[in-house]
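# Tertiary structure, described
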Amino acid sequence: MRCKLLPMAKNYYDVLGLDKKATKEDVKKAFRKLAQKHHPDKGGDESKFKEITEAYSILSDEKRRREYDSYGQTFPGGAPNGGGAGGFDFGGFQNGNVEFDLSDLFEGFGDIFGGGQRGGSRVKRGRDISIDIEVAFKESILGSTRRVLITKVGTCDVCSGSGAKPNTEMSTCTTCNGAGRVHETRNSPFGTFASVRACPTCEGAGKIPKDKCAKCVGRGILKKEEEIKVVIPAGMDNGEMIRMPGLGEAVKNGTSGDLYVKVHVKADPTYKKQGLNLVMDMPIKLTDALLGTQVTIETVDGKKLEVKVPPMSAPEETLRLKTRGVALDGAQGDLLIRLSVTLPKKLSNKAKKTIEELKSEGL
């Protein structure tokens, strides 16, 4: 008697990189990620795409998933009947007969699957751009306002982005008949896919100018210089970014991107910032450390401040002045003054005699 060996059933969870506790949303996310990577129209592996699509068709369907979890396969009639292992006829998918919806999974496929949204209604968005600015230490602590001139793609200020000559009418686009989008079909190894994308003639607007704007030549956007007001908030650290929504590059019939401003803080000869605290070094003479003294310093905001150094201050001692640091979100840091005792390079005979007397007293 000759036995017929059945092919080993596939582990669909391994195919999608999931475990059996994965939710339906987990299955959907895993498939979307892998499908975008392996789709043949994107230069991917056709056999791998077929495999992950097969896995998704089983694990996204509650009834089929229960059968697969119970028996390691699915059954056309809904119950075990000794069918072949794996239980999935991919030929049905190739003919467009598999009953599961792929349309909402291909959000990153551009014009292959209609721009990632049903109806192709995704709003276009301009590019994000970034600039670097340098600010003084005082500005980073107290905050300031800067005006910078940048060159970027912006909305035409003559036609306000319509692309039409001022005081002229718009006409219906004949390519899309005013719909703003066009339908296309694509053949693939897995059947025919319908896609919807923005009309290339009107760029999704549904209308085109009868007379084009002379400045932007009908594009609605153009490269130009623009003055931007940058508000630098108080308490910024070197290298931090300021996000300015909508101030990036413009795109016709869409929304502008964002502008990112990277702040570079100049080093200060006196102060450093540590969190909300300001730190400064103060050298004092040996006699001032022993007897105490009073020193006038200038704060970051330009005010004069009298600081008392107590008698018998130890070298490397730190004085803390409360609430003299950085103010941020209702909190206030301190000013830390690090003392350092400076020694004279030369001593007079009188100074030597005095020190010898101190030495004899055990000091």
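Source: prediction; values computed, not measured. (Residues numbered from 1 in each chain as written. Predicted model: local features only at pLDDT ≥ 70, side-chain atom pairs only at ≥ 80, totals over all residues. Heavy atoms only, no water.)

Computed from the structure, the largest pocket encloses a volume of approximately 580 Å³. The wall of the largest pocket is formed by 18 residues, among which Leu286, Thr287, Leu290, Ile355 and Leu358 lie closest to the centre. Counting only elements with at least two residues in the lining of the largest pocket, the list comes to helix 7 (286-291) and helix 8 (349-360). With 6 residues, the top contributor of residues to the lining of the largest pocket is helix 8. Broken down by class, the residue content of the lining of the largest pocket amounts to 11 nonpolar, 4 polar and 3 charged. (1 Å grid on protein atoms, 1.4 Å probe; cavity = no way out; pocket = protein on both sides within 12 Å on 5 of 7 lines; lining within 4 Å. Points joined across faces, edges and corners; volume = space filled by probe spheres on them. Helix = DSSP H or I, 4+ residues; strand = E, 2+ residues; numbered from the N terminus. Nonpolar A, V, L, I, M, F, W, Y, C, P; charged D, E, K, R; others polar.)

The 4 strands lie next to each other as 12-13-19-16, forming an open sheet whose pairing is mixed. Every interior strand has two partners, whereas the edge strands, strand 12 (271-274) and strand 16 (318-321), have only one. For this sheet the average axis-to-axis angle between neighbouring strands, irrespective of direction, equals 30°. (Pairing = 2+ DSSP bridges. Axes fitted to C-alpha atoms, helices over the stretch in contact; angles between N-to-C directions.)

Right, let's get into the pairing of strand 12. Both faces of the sheet carry side chains from a regular strand, because those side chains alternate between them. When strand 12 meets strand 13 (residues 277-285), the two strands line up antiparallel, connected through 4 bridges. Bridging across to strand 13, Tyr271 finds its partner in Met280.

Quick look at the packing of helix 3 (residues 46-59) against helix 4 (residues 62-71) now. The contact between helix 3 and helix 4 brings their axes to 6 Å, and the two run at 100°. The angle between the axes of helix 3 and helix 4 places the two elements in the roughly perpendicular class. Residues Ser57, Ile58 and Leu59 of helix 3 pack against Arg64, Arg65 and Tyr68 of helix 4. Along the lines of polarity and charge, the residues of the contact of helix 3 with helix 4 split into 3 nonpolar, 1 polar and 2 charged. (Parallel < 35°, antiparallel > 145°, perpendicular 65-115°, else oblique. Contact = heavy atoms within 4.5 Å.)

Attention now moves to the sheet that holds strand 2 (residues 129-135). The 3 strands are arranged 2-11-9 in an open sheet whose pairing can be described as mixed. Edge strands, defined here as strands with exactly one partner in the open sheet, are strand 2 and strand 9 (241-244). For this sheet, the mean inter-axis angle between neighbouring strands, taken without regard to orientation, is 25°. The pairing of strand 2 with strand 11 (residues 259-265) spans 7 bridges and is classified as parallel. In the sheet register, Ser130 faces strand 11, and the bridge partner there is Tyr260.

Among the surface-exposed residues, Leu286, Leu290, Leu291, Met312 and Leu343 lie close enough to one another that they form a single nonpolar patch of about 560 Å² accessible area. With respect to the helices and strands, Leu290 occurs in helix 7. (Patch = residues over 30% accessible without salt bridge, like charges linked within 9 Å, V, L, I, M, F, W, Y side chains within 5 Å. Areas by Shrake-Rupley, 256 points an atom, 1.4 Å probe, with all protein chains shown as cover. Salt bridge = Lys/Arg side-chain N within 4 Å of Asp/Glu carboxyl O.)

Judged by nonpolar contacts, the single largest core of 34 residues is most densely connected at Ile133, Val230, Ile297 and Ile337. Residue contacts for Val230: discarding those within four places in its chain leaves Ile133, Ser144, Thr145, Arg146, Val148, Ile242, Met244 and Val261. Core analysis: the next-biggest nonpolar cluster, separate from the first, contains 18 residues, Tyr13, Leu16, Ala22 and Ala35 among them. (Core = buried A, V, L, I, M, F, W, Y, C linked by side-chain atoms within 4.5 Å. Buried < 20%, exposed > 50% of the residue type's maximum accessible area, 1.4 Å probe, protein only.)

The set of residues buried in helix 4 consists of Arg65, Glu67 and Tyr68. Seen end-on, helix 4 carries its buried residues on one side only, within an arc spanning 160°. For helix 4, the exposed residues set more than 90 degrees away from the buried face come down to Glu62, Arg66 and Ser70. Packing partners of the buried residues in helix 4 comprise helix 1 (12-16), helix 2 (24-38) and helix 3. For helix 4, the N-terminal cap is Asp61; the gap from its side-chain oxygen to the backbone nitrogen of Lys63 is 3.1 Å. (Arc of directions from axis to C-beta. Polar contact = N/O pair within 3.5 Å; in protein donor to acceptor, adjacent residues only side chain to side chain.)

Moving on to the packing of aromatic side chains. For the structure shown, the criterion picks out 3 aromatic pairs. Summarising the aromatic geometry, the rings of Tyr13 and Tyr68 are spaced 6.0 Å apart at their centres and angled 40° between planes, so their arrangement reads as tilted. Placement of the pair is Tyr13 in helix 1 and Tyr68 in helix 4, with a sequence separation of 55 residues. Neither Tyr13 nor Tyr68 differs from the other in exposure class; each is buried. Judged by centre distance (4.5 Å) and plane angle (20°), the ring pair of Phe31 and Tyr56 falls under stacked. Taken together, the residues Phe31 in helix 2 and Tyr56 in helix 3 connect sequence positions 25 residues apart. Each member of the pair, Phe31 as well as Tyr56, is classed as buried. Through successive ring pairs, a cluster of aromatic residues spans Tyr12, Tyr13 and Tyr68. (Phe/Tyr/Trp six-rings, centres within 6.5 Å; stacked < 30°, edge-to-face > 60°.)

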